[in-house]
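# A structural walkthrough
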Amino acid sequence: MYDAVVLAGGAARGLGGADKPGGRSGGRSLLDWVRGGGAGAATTVVVGPRRPTARPVVWAREQPPGGGPLAALHAGLRHATAETVLVLSADLPFLGADAVRELVAAAVGAEGALLTDADGRDQPLVAAYRAEPLRREIALLATEHGTLTGLPVRLLTAELSLARLPYHEASFDCDTWQDIGAARARIRDDRTVLDEWIAAVKAELGIELDVDRAGLLDLARDAAHGVARPAAPLTTFLVGYAAALRGGGPEEVARAAGQAAALAARWAEEDGDGSGAPA
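All of the points below concern the structure found in this document.

Criteria and thresholds
Residues numbered from 1 in each chain as written. Predicted model: local features only at pLDDT ≥ 70, side-chain atom pairs only at ≥ 80, totals over all residues. Heavy atoms only, no water. Helix = DSSP H or I, 4+ residues; strand = E, 2+ residues; numbered from the N terminus. Contact = heavy atoms within 4.5 Å. Polar contact = N/O pair within 3.5 Å; in protein donor to acceptor, adjacent residues only side chain to side chain. Pairing = 2+ DSSP bridges. Axes fitted to C-alpha atoms, helices over the stretch in contact; angles between N-to-C directions. Phe/Tyr/Trp six-rings, centres within 6.5 Å; stacked < 30°, edge-to-face > 60°. Expected span 1.5 Å × (residues − 1). Buried < 20%, exposed > 50% of the residue type's maximum accessible area, 1.4 Å probe, protein only. Arc of directions from axis to C-beta.

Structurally, Leu155 is set in helix α5 (residues 154-157). Separated by 85 residues in the primary sequence, Leu155 and Leu70 have C-alpha atoms spaced 9.4 Å apart. Aside from chain neighbours lying at most four places away, what touches Leu155 is Leu141 and His145.

And the structure:
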């Protein structure tokens, strides 16, 4: 179990002061992409101005507003109760559940774990920390400096024993409009667009399900070729509806898809046989 604290109150100077967490890539706000990557959190705290989100979160605000990442982290920690805290900036379009799982697992054997970017630099706002040492060091910094406002995060990470994971894509953040453009292009890449679309739809609908993409695409192909092109989307819809009525889950989706695929094969056999004899 872990809680998540998402820092969403920065000035976004590289975007001319625009609302970076609310900026869209792949039809979703950057904040929702980050929230989706940490969907396994027991509690998700977003520190920053309130915005619409696809899933419910707890809102917090650092004092004074705009006091920087350490002040924001301190404000978010007040609402976290788990022994491990996932700490994220609100501009990570490619943060996946696999990277989050590895971060949380690696944090157990140390005082925390963070990702490194493609240049080998630490990314302390894509990290999982043990809550007790995190609170301890923040309290010591506040005592030493008299405030947390404006302090760099490196003062915190320098005092912690941290594991480092080279998840370069997951640590990609959007500091400029060029970065957001690159993220939008990457999401629409032919090799990955379906995976990104499925992730976006699941987040929008609030569902958690491992999708057998290849199996459903094969079914859609068989229905389109063996029956008629419009049969493909209608068939996959009916498969999903049937699986839901049977209790849901990947097993029921696979069972319903298998039945529909077999029916499409029988339909195609009959369509190619004009004799009227049983197929």
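Resuming the write-up.
Our focus in this paragraph is the side chain of Asp3. When you line up the elements, Asp3 lands in strand β1 (residues 3-7). Within polar-contact distance, the side chain of Asp3 engages the backbone nitrogen of Thr81 at 2.7 Å.

Another aspect to go through is the sheet that holds β1. Strand order in the open sheet made by the 7 strands is β5-β4-β1-β6-β8-β7-β9, with mixed pairing throughout. The open sheet has two edge strands with one neighbour each: β5 (58-60) and β9 (162-165). With strand direction ignored, the average angle separating the axes of adjacent strands in the sheet is 25 degrees. Direction of pairing for strand β7 (residues 112-116) relative to β9: parallel, over a ladder of 4 bridges. Looking across to β9, one finds that Ala113 is bridged to Ala163. Packing of helix α3 (residues 97-108) onto the sheet brings it into contact with β6 (84-89), β7, β8 (122-130) and β9, and relative to β8 it is tilted by some 60 degrees. Sitting on the sheet, helix α4 (residues 131-145) is in contact with β6 and β8, with an inclination near 115 degrees to β8.

It is worth spelling out unusual backbone geometry at this point. A cis amide bond links Gln63 to the next residue, Pro64, at an omega of -5 degrees. Relative to the helices and strands, Pro64 resides in the loop between β5 and α2 (69-77).

Our focus in this paragraph is the packing of aromatic side chains. A full pass over the atoms with the stated rule returns 1 aromatic pair. Plain terms: the ring middles of Phe237 and Tyr241 are 6.3 Å apart, the flat faces sit at 25 degrees to each other, and that makes the pair stacked. You can see Phe237 and its partner Tyr241 sitting in helix α9 (residues 231-245), 4 residues apart, about one turn around the helix.

Right, let's get into α3. Here α3 spans 17 Å end to end across 12 residues, near enough to the 16 Å set by a 1.5 Å rise per residue. By the burial criterion, the buried members of α3 are Ala99, Val100, Leu103, Val104 and Ala107. Axial view of α3: buried residues confined to an arc of 130 degrees, hence all on one face. Residues of α3 that are exposed and point more than 90 degrees away from the buried face comprise Arg101, Ala105 and Val108.

Along the chain, Thr116 turns up in strand β7. Ignoring anything within four residues of it in the chain, the contact list for Thr116 reads Arg121, Asp122, Gln123, Arg164, Leu165, Pro166, Tyr167, His168 and Ser171.

Now for α9. Because an α-helix completes one turn every 3.6 residues, residues spaced three or four positions apart along the sequence face the same direction. End to end, α9 covers 21 Å across 15 residues, agreeing with the expected 21 Å (1.5 Å per residue, within 8%). One or two residues past the end of α9 sits Gly247, with phi positive at roughly 110 degrees.

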